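A look at the structure
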Amino acid sequence: MVYHAQFERAGKQPGLQVWRIEKMDLVPVPQNQYGSFYSGDAYVVLNTVKQRSGNLQYDLHFWLGDSCTQDESGAAAIYSVQMDDYLGGKPIQYREVQGYESNTFVGYFKTGLKYKSGGVSSGFFHVTPNLVAVKRVLHIKGRRIIRATEVPVTWESFNSGDCFILDLGVEIHQWYGSKCNKFERLKATQVAKGIRDSERSGRAKVFVMEEGSEREKLLEVLGPKPDLAEGTDDDLRADASNRKMAKLYKVSNEGGEMNISLVAAENPFSQEALESDDCFVLDHGSNGRIFIWKGKHANPEERKAALKAAEGFITKMGYAKHTQVQILPEYGETPLFMQFFKMWKCKEQTEGLGVAYINNHIAKIEKIPFDVSTLHDSQAMAAQHGMVDDGSGKKQIWRVEGSDKVPVDPASYSQFYGGDCYIILYTYKHGGREGHLIYNWQGADSSQDEIGASAILTAKLDEEMGGGPVQVRVVQGKEPPHLLSLFGGKPMVIYKGGTSRGGGQTAPADVRLFQIRATSSGYCKALEVDAAATNLNSNDTFVLKTPSASYIWFGQGSSDVEKQGASHLLNILGVRASKITEGSETDDFWEALGGKAPYRTSSRLKDKMDTHPPRLFACSNKTGRFIIEEVPGDLTQDDLAEDDVMMLDTWDQLFVWLGNEAQEEEKTEAITSAKKYLETDPANRDKRTPVVIVKQGFEPPTFTGWFFGWDYDFWSVDPLQRAMADLEV
């Protein structure tokens, strides 16, 4: 096959490349025009990322403007299929429709997308950076995803609820409606700066004005200002309550006709359902998105026809024409796709493809191994391993009794009972600042009254300390690494039973079995489990205590840290033990466990970050509908809107960030929204996932480390004032 000459430039090195369809040809777009799209045109966009392995991975999009012709749309689709073929079938392909772009796509353009009127077929060509005879109005919409759409140059295009830009080439007039909020103004300022710096190469002046204080030049162009409409919230975001629902179909084109057969009507799906000889459709139409999975041995014609299959499927199901489409090659599955499957296992790396590529929908995070000696110097390490420090700070622990908290003897600080709730106040220093964490630990067998009392007492302690501490609700079994680090190298021990108030703790059983497991950060916990062979696990170390003897059992996958933790536990229990390695158990050992029985021997997932990279959302429940909006692209501090409640999902924990200017109702609903988010996640999340409440200005390193270049003084100057100052440069 003869390929287009432009393909030779495609994907040779990391970065973004954009082409426009001009008279059915593929023409590169100048870099200073990236992010601007003509509504009458179609484009091909390729993003190339270098993986840690050194291999290149590709996201390939074709973008269709609202008024592009059928011919241009067809040409863009054909070029993207051919480019996919040229790049060895490795790219993840996307169909993008103006106004409904995927988060992957909008993530490339953090300062916003600009939609311009016209296109090639109408004879309306690119505005050159030095052109002074420009006259256009851009309507700025969106909080997470900024879209600047060209509208007619008349007051009729304006309203009081939004921001607008009158672009006259050498002069850029930025106009704020009287009802638009600070965050919208900030985003409009970023768009104006982008036009000045990129399109005009800095050779334009920006003027900022409020409604009612218009400059003469603006009135000269638009005429006298009439009374304006307030503006409507036409951002019709779907209720996310049903985002969990998905279906899996098999697609074939035997006999030249597309046939669709249902494989599974409910997620999570089994990975084994995906057969390498076929193509499949994962239907997430409830959330406006479908995925096409191309098996590596599928008929080549079927693989090339995947896009056509997607469009045919959308028509057949009666979905909106702007439904997002993502086409994935086998072994090139994205985290968004994998979340619909139970226990997704990544195949071995083949043909230069990464096992779990983190595409640009989600922030690109370089994995950092844990090293306690450099923890204070690396916020990224702190975040990835959940560690604000090494756990050597000051701690106070209380047990919840009735409606009060009772101090725990420091000698038994590492020992907890599953029938109780505890409050732990931890004080640490980081970067010259003092920080506080309040852990609210809820035992698996604690009563609803105790859980309720622990929440009230935690809030009360937070209030007593001026509202600055970070609150971390921890359900037994979901302890974050930092909590495990507080006990001076000893394991966190969790006994069965409770303190039973009046008579001291629950009497221990005659035969006791403890499971010792370490985290990637090198700390471990010892959990008392039922003394049965079925509870053994090849990944871990166990301590078995009987009236006549004690044993340490080392699973094949147990670590040195777990073995050390077992030794500490023996000291706490006051016993000596015989050492047994898996496979060399004695009859006495099995007898103490009630007889030999099957137990878990599969290896656990060693590294979750490839499969579950961090994601940032704004969530709201206040309208009666559960609204969720993801922030696209790499995570930056200015994505955190001061008038919002945001959620940072790092899989093992869910951070709820409370902006200082967020409505009180939203703050009080934050925990409800967090629970709703976990319940509706298609990945079938564990409802015990820790929820961490973080207040603006009191962010711990476990939160800040996920953001590139966190600045603790960022909010000491109003972000809008800072952006306005940049305009004056």
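The coordinates are above.
Predicted, not measured: the structure shown is a model, and the values here were computed from it. (Residues numbered from 1 in each chain as written. Predicted model: local features only at pLDDT ≥ 70, side-chain atom pairs only at ≥ 80, totals over all residues. Heavy atoms only, no water.)

**As for the overall build of the chain**
Of regular secondary structure, the chain possesses 16 helices and 34 strands. A total of 729 residues make up the chain; the buried ones form 54% of that total. Taking all contacts inside the chain whose residues are at least 6 apart in sequence as the whole, residues at least 24 apart take part in 66%. (Helix = DSSP H or I, 4+ residues; strand = E, 2+ residues; numbered from the N terminus. Buried < 20%, exposed > 50% of the residue type's maximum accessible area, 1.4 Å probe, protein only. Contact = heavy atoms within 4.5 Å.)

**Describing the side chain of serine 157**
Tracing the backbone shows serine 157 in the loop between strand E9 (147–151) and strand E10 (163–167). For serine 157, the residues in contact, after removing those within four places along its chain, are Val151, Pro152 and Phe164.

**Here we look at the nonpolar core**
In this structure, Val543, Leu640, Phe703 and Phe707 are the most contacted members of the largest nonpolar core, which totals 55 residues. Residues within four places of phenylalanine 703 in sequence aside, it is in contact with Leu640, Leu648, Phe655, Trp657, Val694 and Trp710. Core analysis: the next-biggest nonpolar cluster, separate from the first, contains 32 residues, Ile21, Tyr79, Leu87 and Val251 among them. (Core = buried A, V, L, I, M, F, W, Y, C linked by side-chain atoms within 4.5 Å.)

**Description of the pairing of strand E4 (residues 42–50)**
With eight of nine residues buried, E4 is to be regarded as a mostly interior element. One ladder, built from six bridges, connects strand E1 (residues 15–22) with E4; its direction is antiparallel. The residue bridging leucine 16 from the neighbouring strand is asparagine 47, located in E4. Pairing of E4 with strand E5 (residues 56–64), which is carried by nine bridges, proceeds in the antiparallel orientation. Bridged to leucine 46 within E5 is leucine 60. (Pairing = 2+ DSSP bridges.)

**Re the sheet that holds strand E24 (residues 492–495)**
Taken together, seven strands build an open sheet; the order of strands is E20-E24-E26-E25-E27-E28-E29 and the sheet is mixed. One side of each edge strand has no neighbouring strand; the edge strands of this open sheet are strand E20 (415–417) and strand E29 (578–581). On average, each strand axis in the sheet is tilted by 20° relative to the strand beside it, whichever way the strands run. Two strands pair when backbone bridges link them, and strand E25 (residues 512–518) and strand E26 (residues 524–529) are joined in this way by six bridges, in the antiparallel orientation. Its bridge partner being in E26, arginine 517 is matched across the sheet by lysine 525. Running at roughly 145° to E25, helix H11 (residues 560–573) makes contact with E20, E24, E25, E26, strand E27 (541–545) and strand E28 (550–554) of the sheet. (Axes fitted to C-alpha atoms, helices over the stretch in contact; angles between N-to-C directions.)

**Digging into the packing of aromatic side chains**
Inspection of every chain in the model, using the stated rule, returns 37 aromatic pairs. Ring centres of phenylalanine 291 and phenylalanine 337 lie 5.7 Å apart, and the angle between their planes is 65°; on these two criteria the pair is classed as edge-to-face. Highlighted residues: phenylalanine 291 in strand E16 (residues 289–294) and phenylalanine 337 in helix H7 (residues 335–338), separated in sequence by 46 residues. Assessed through its relative accessible area of 1%, phenylalanine 337 is described here as buried. Between the aromatic rings of phenylalanine 416 and tyrosine 422, the centroid separation amounts to 4.8 Å while the plane-to-plane angle is 70°, which identifies the pairing as edge-to-face. (Phe/Tyr/Trp six-rings, centres within 6.5 Å; stacked < 30°, edge-to-face > 60°.)

**What to know about the pattern of salt bridges**
Taken as a whole and assessed by the stated rule, the structure comprises 28 salt bridges. In this structure, lysine 182 engages aspartate 718 in a salt bridge whose closest nitrogen and oxygen atoms are separated by 3.2 Å. Here lysine 182, found in helix H3 (residues 182–199), pairs with aspartate 718, found in the loop between helix H15 (701–704) and helix H16 (719–727); they are 536 residues apart in sequence, far enough to count as distant. When the shortest N-O distance is used, the salt bridge between aspartate 530 and lysine 496 registers 2.9 Å. With aspartate 530 in the loop between E26 and E27 and lysine 496 in the loop between E24 and E25, this residue pair connects regions lying 34 residues apart in the sequence. Owing to a relative accessible area of 46%, aspartate 530 belongs among the partly exposed residues under this scheme. A residue is classified by how much of its surface remains accessible, and lysine 496, at 40% relative accessible area, is partly exposed. (Salt bridge = Lys/Arg side-chain N within 4 Å of Asp/Glu carboxyl O.)

**Some points on the pairing of strand E17 (residues 324–329)**
The buried count for E17 comes to six of six residues, which makes it a mostly enclosed element. Of the two faces of E17, the one holding Gln324, Gln326 and Leu328 and the one holding Val325, Ile327 and Pro329 are both buried throughout. In terms of strand pairing, strand E6 (residues 92–97) meets E17 through three bridges, oriented antiparallel. Bridge pairing links tyrosine 94 to glutamine 326 in E17. Pairing analysis gives six bridges linking E16 to E17, with the strands arranged parallel. Note on E17: the bridge partner recorded for arginine 289 is glutamine 324.

**Concerning the state of the cysteines**
One way to say it: the disulfide is the covalent bond shared by the sulfur atoms of two cysteines. Considering all chains together, one arrives at zero disulfides under this definition. Cysteine 180 carries a free sulfur, and the closest cysteine sulfur to it, the one in cysteine 163, is 3.4 Å from it. For cysteine 180, a relative accessible area of 6% translates into the label buried. (Disulfide = S-S within 2.5 Å.)

**Concerning the sheet that holds strand E8 (residues 136–141)**
In spatial order, the strands read E3-E7-E9-E8-E10-E11-E12; together these seven strands make up an open sheet with mixed pairing. Across the chains shown, the open sheet's two edge strands, defined by having one partner strand only, are strand E3 (36–38) and strand E12 (205–210). Averaged over all neighbouring strand pairs, the angle between strand axes comes to 25°, with direction disregarded. In this structure, E10 lies alongside strand E11 (residues 171–176), joined through five bridges in antiparallel fashion. Its bridge partner lying in E11, leucine 166 is registered against histidine 173. Strands E3, strand E7 (113–116), E8, E9, E10, E11 and E12 of the sheet are contacted by H3, whose axis makes an angle of about 175° with E11.

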